Amino acid sequence: MKFLKNGRVAIITRGRYAGKKVVIVKVMDDGSKAHPFGHALVTGVERYPSKVTRRMSKNKVAKRSKVKPFIKVINYNHLMPTRYTLEMETLKGVISQDTFKEPTQREDAKKTIKKSFEEKYQAGKNKWFFTPLRF
């Protein structure tokens, strides 16, 4: 699909992560042997950062600013693209189809994604991405 490109922010509509925001890392229009349908490799926010106020201590702010990421292969039918994009140049080499074969590789990829997401959150960029959907 033309509009599903790398870096596009989408919302998952079905399953465990329904309503969560994701960034498309890699697009596979033709599918693969394991997934014989058009799908995308995505990374998203499983647990969003909590609200922070000025009265909170540094430790509490640091604790409430944490992000829990996830990585997943998702069918196009379960993605709803948005008008937003995110620059995710750092993640291109981290996540691939081989990442899902070994659990340790998956954990390492999640740690790298977590670091990247938290840096973006601390910088104050893309605030919309780090707020949960209200519906």
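Look above for the structure.
Residues numbered from 1 in each chain as written. Predicted model: local features only at pLDDT ≥ 70, side-chain atom pairs only at ≥ 80, totals over all residues. Heavy atoms only, no water.

### Some words on the overall build of the chain
Inference 1: Of regular secondary structure, the chain possesses two helices and five strands.
Inference 2: Taken from the N to the C terminus, the helices and strands of the chain come in the order β-β-β-α-β-β-α.
Inference 3: Over its C-alpha atoms the chain spans a radius of gyration of 15 Å, differing by no more than 12% from the 14 Å that the globule rule assigns to 135 residues.
Inference 4: Expressed along its principal axes, the backbone C-alpha trace of the chain runs to roughly 55 × 35 × 25 Å.
Inference 5: A buried classification covers 35% of the 135 residues belonging to the chain.
Inference 6: Contacts spanning at least 24 positions in sequence make up 66% of the contacts within the chain whose residues lie at least 6 apart.
Inference 7: Of the roughly 8900 Å² of accessible surface on the chain, a fraction of 50% belongs to carbon and sulfur atoms.
Inference 8: Between the centroid of the 32 positive side chains of the chain and the centroid of its 11 negative side chains there is a distance of 12 Å. (Helix = DSSP H or I, 4+ residues; strand = E, 2+ residues; numbered from the N terminus. Rg over C-alpha atoms; globule rule 2.2 N^0.38 Å. Buried < 20%, exposed > 50% of the residue type's maximum accessible area, 1.4 Å probe, protein only. Contact = heavy atoms within 4.5 Å. Areas by Shrake-Rupley, 256 points an atom, 1.4 Å probe, with all protein chains shown as cover. Lys, Arg positive; Asp, Glu negative; His and termini not counted. Charge placed at Lys NZ, Arg CZ, Asp CG, Glu CD.)

### A look at the sheet that holds strand β5 (residues 79–85)
Inference 1: Taken in spatial order, the five strands of this open sheet run β4-β3-β2-β1-β5, and their pairing is antiparallel. Looking at the sheet topology across the chains shown, the edges are occupied by β4 (68–75) and β5. Within this sheet the neighbouring strands show an average axis-to-axis angle of 40 degrees, counted without direction.
Inference 2: Strand direction decides the pairing type here: strand β3 (residues 39–47) and β4, joined by eight bridges, are antiparallel. Counterpart to R47 in the pairing with β4 is K68.
Inference 3: Those strands touched by helix α2 (residues 103–123) are β3 and β4, and its axis lies near 115 degrees from that of β4. (Pairing = 2+ DSSP bridges. Axes fitted to C-alpha atoms, helices over the stretch in contact; angles between N-to-C directions.)

### Quick look at unusual backbone geometry
Where the residue is not glycine, phi is negative for most of them; where a peptide bond is considered, it is trans in most cases.
Inference 1: Of note in this structure, N126 is not a glycine but carries a positive phi near 55 degrees.
Inference 2: Mapped onto the secondary structure, N126 falls in the segment after α2.

### Notes on the environment of M56
Inference 1: Note that M56 resides in the loop between β3 and α1 (58–64).
Inference 2: With near-sequence residues (within four places) excluded, M56 lies in contact with K51, V61 and R64.

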